[in-house]
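Letter by letter, the chains look like this.
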Amino acid sequence: MKYYILLAFFVFGLNGFSQILDPVKWSTSVEKISDTEYDLVITADIEKDWHLYSQYTAEGGSLPIEISKKQGDKNYENFELVGKAVESDTIKKYNDIFEVTETFFEHKGVLKQRIKLKNKDVSTVSLILTGQVCKEVCLQIYEDFTFQLNGNNAAEATNNTTVDNTSVNQFLYGLTAIDLAKSNNNCNTDISSTSSETKEDKSLWSIFGLGFLGGLLALLTPCVFPMIPLTVSFFTKKSGSNKSAGISKAILYGFFILAVYLILSIPFHLLDSINPDILNDISTNVTLNIIFFLVFVFFAFSFFGYYELTIPSSWTNKTTQGENVGGVLGIFFMALTLALVSFSCTGPILGSLLAGSLTADGGAWQLTAGMGGFGLALGLPFALFAMFPNMMNALPKSGGWLNTTKVVLGFFELALAFKFLSNADLVKHWGLLKIEVFLGLWIIIFAGLALYVFGKIKFPHDSPLKKLSFLRIASGVLVASFVIYLASGFRVNKETKTFTPLTLLSGLAPPVGYSFLYPNDCPNNLDCFKDLKEGIAYAQKVNKPIMLDFTGYACVNCRKMEEHVWPKKRIDDYLRNDYVLISLYVDDKKDLPEDQQVLVNRINGGTRKLENYGHKWANFQTQFFQTNSQPYYVLLSPDGKQILNSPVGYTPNEDDYAQFLQCGLDVLKQNP
């Protein structure tokens, strides 16, 4: 009786600060195809704002759904899975933490897995579905479905075995639920944290703005800039005294330039409609990232003037002939001719826009928005100067500065190329472009740009530089300052023993822990344990409290905490000096030793078999803390048997997280 009273008190006490989240409701059905083939249909009803990740989501991001046969099922050998499950419509979205475009279900997802029977007498089959569902926190999914093939659509677990939690938990964790209790002491700074993050998505308008900026840069190249006064003069002079007619034709010309670039994005919408995953496949493909790297290097040397990117002359000849048609159609062919003949300057910029949109959220629509901004920036000056011809007097004269602009853009193209190579390197863990190499390459590139601006380096089409203008000097100083800033990335943080991350390179450079000289297995080079028993034994030895860190390799907010909150000096001091950090990865796929692959009770009923370390730590979190979300931080006494204060989840505010850590220390001091 005493046991049950204590257990009830423990569960009641924990309910005040923890909960089991269950944002996905599952239902199933069976569709008979033939005597030996069936479609097993799994439907997920997903709560608002939660994302259930597809089987085809990008490698390196959140965990994909995996469907497999249930080991140990009596009919395991009597059927086989036919390919992957067919999915209902999914959504694609760029995740700037993992730097991949993820694919997920929102509100509802349907998976239709075909099976083929080897024995027609089979009446039931069992499948296991694993995956991940995320909002501000991420939950690991493990669902056990049993399908009746005789017409019943129920999918209920047939295993009614019960497990002795006490003995299993003692064996796995060295603790039982009854051993764990919340401290009777408290502190004034105890906080309760709920994960509430509002993330602004990259809007189409921002992509449109970037495209517009790219179009303005293209205007300042020798392929486009000289065309402005020539074309405007053509329209105004050809119209003679009818000024309004010249203006309307120039406006129409500018509109057709915009239309040409919008039309270029249409094929990508067709690809997207035929196969919704195709742009995601392109953006996350290692081979394509390498191709982008090679193409950008090729673009860069074109801008340097070593060769010209040209459209086949037959194309331009045909569009030039179309100009003679006259009227609206003739103006359209003039706009098309401009787009073609200026390709040597606009092509690399458009290539950057294409690569950026394919590796960002939104796919084809972002490409359209960027193309629209680019076309508007190119077409607007022709209409504007036709309406206000006197403004052309303020334009600078064509000259060597146009080629200088082109060369400068070449340096940026070259730097950006290594970002794509870095993407491939990180995914494949080649170890080629670690932080030292990446920063070194960027320093060389921008040091070269500084020398070019100061006139110390020449390229094939550069005009003789008689003197340095104020603009060149100011630009050179700015670029040289950026080189110094890049070099500051080699400063070593003595506390974390890692290189100092550079804010301006966030999302461009590899993580500072991806290093030859200062690699780190634990975040910020902290000392951490990845096994509960080992961590508790060490904490007792040094008599320090424990911070349990329930985390995951594919947990976005876990990475945010580790990269943006933990490095703060006072937070780092707490974790480095005052606590023993035990990080338990609930998505670790490494197999458990056979003796630990045991059956455990599930919180919501039934049993499951622990097969890997992720299962082990996820079970520990749900059994002992009645919660299944990550990140989740619990402060314990050195023996691991007393919860010092209310656990917290994602807590991005430094002050709140510092209060949480300080509160644990204060409570520990009050304990006898």
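What you see is a predicted model; the values in this text were computed from it and never measured.

## A short note on the pattern of salt bridges
Here's step 1: Going through the model one piece at a time under the given rule, you end up with nine salt bridges.
Here's step 2: Where D22 meets K25, a salt bridge forms, and the shortest distance between an N and an O atom there is 3.2 Å.
Here's step 3: The exposure class of K25 is partly exposed, given its relative accessible area of 46%.
Here's step 4: Of the charged contacts in the structure, one is a salt bridge between D39 and R114, with a shortest N-O distance of 2.8 Å. On the criterion of sequence distance, the pair formed by D39 in strand β2 (residues 37-46) and R114 in strand β9 (residues 108-117) is long-range, its members being 75 residues apart.
Here's step 5: Looking at R114, the relative accessible area reads 29%, which means it is partly exposed.

## Notes on the nonpolar core
Here's step 1: Formed by 33 residues in total, the largest nonpolar core has its most connected members in F411, F418, W442, I445, F446, L486 and L505.
Here's step 2: Here this core gets eleven residues from one element, more than from any other, and that element is helix α14 (residues 435-453).
Here's step 3: In this structure F411 touches F304, I445, G448, L449, Y452 and F459, once residues within four positions along its chain are discounted.
Here's step 4: Judged by nonpolar contacts, the second largest core, of 30 residues, contains I65, A85, V137 and L149.

## Here we look at the packing of helix α2 (residues 165-173) against helix α19 (residues 613-625)
Here's step 1: The geometry of α2 relative to α19 is characterised by a closest axis approach of 12 Å and an angle of 130° between their N-to-C directions. It follows that α2 is oblique to α19 by the angle criterion. Once α2 is placed against α19, the crossing between them reads as left-handed. Where α2 approaches α19, its residues N165, N169, L172 and Y173 are matched on the opposing element by K616, W617, N619, F620, Q623 and F624.
Here's step 2: By residue class, the composition of the contact of α2 with α19 is five nonpolar, four polar and one charged.

## Some remarks on the state of the cysteines
Simply put, the disulfide is a covalent bond whose two ends are the sulfur atoms of two cysteines.
Here's step 1: Enumeration according to the criterion identifies three disulfides in this entry.
Here's step 2: Between the sulfur atoms of C187 and its disulfide mate C663 the distance is 1.8 Å. Since a negative S-S torsion denotes a left-handed disulfide, the C187-C663 link at about -105° is left-handed. Pair noted here: C187 is in the loop between β12 (181-182) and α3 (204-219) and C663 is in helix α20 (residues 654-670), with a separation of 476 residues, a long-range link.
Here's step 3: The residue that forms a disulfide with C522 is C528, at a sulfur-sulfur distance of 1.8 Å.

Rules and cut-offs
Residues take numbers from 1 onward in each chain, read along the sequence in its written order. Only residues with pLDDT of 70 or above have their local features reported here, since the model is predicted, and side-chain atom pairs are shown and tallied only from 80 upward, although totals for entire chains, interfaces and linings are computed over all residues. Water and hydrogen atoms play no part in the side-chain values, which are based on all heavy atoms of the structure. Should a side-chain nitrogen of Lys or Arg be within 4 Å of a carboxyl oxygen of Asp or Glu, the pair is scored as a salt bridge. Buried, partly exposed and exposed residues are distinguished by accessible area as a fraction of the type maximum, computed with a 1.4 Å probe on protein chains only: under 20%, between the cut-offs, and over 50%, respectively. Helix and strand definitions here come from DSSP, where helices need a minimum of 4 consecutive H or I residues and strands a minimum of 2 consecutive E residues; each element is numbered from the N-terminal end. We call a set of buried Ala, Val, Leu, Ile, Met, Phe, Trp, Tyr and Cys residues a nonpolar core when their side-chain atoms join them within 4.5 Å. Throughout, a contact is declared for two residues whenever any of their heavy atoms are within 4.5 Å. Between the N-to-C directions of two axes lies an angle of 0 to 180 degrees, each axis being a line fitted to C-alpha atoms and, for a helix, fitted only over the stretch in contact. Note on angle classes: values under 35 degrees are labelled roughly parallel, values over 145 roughly antiparallel, values of 65 to 115 roughly perpendicular, and the remainder oblique. The sense of a crossing depends on the near helix, which, turned anticlockwise from the far helix by less than a right angle, makes the crossing left-handed and, turned clockwise, makes it right-handed. Throughout, the ten residues Ala, Val, Leu, Ile, Met, Phe, Trp, Tyr, Cys and Pro are labelled nonpolar, Asp, Glu, Lys and Arg are labelled charged, and all others, Gly among them, are labelled polar. A pair of sulfur atoms, both from cysteines and within 2.5 Å, is called a disulfide here.

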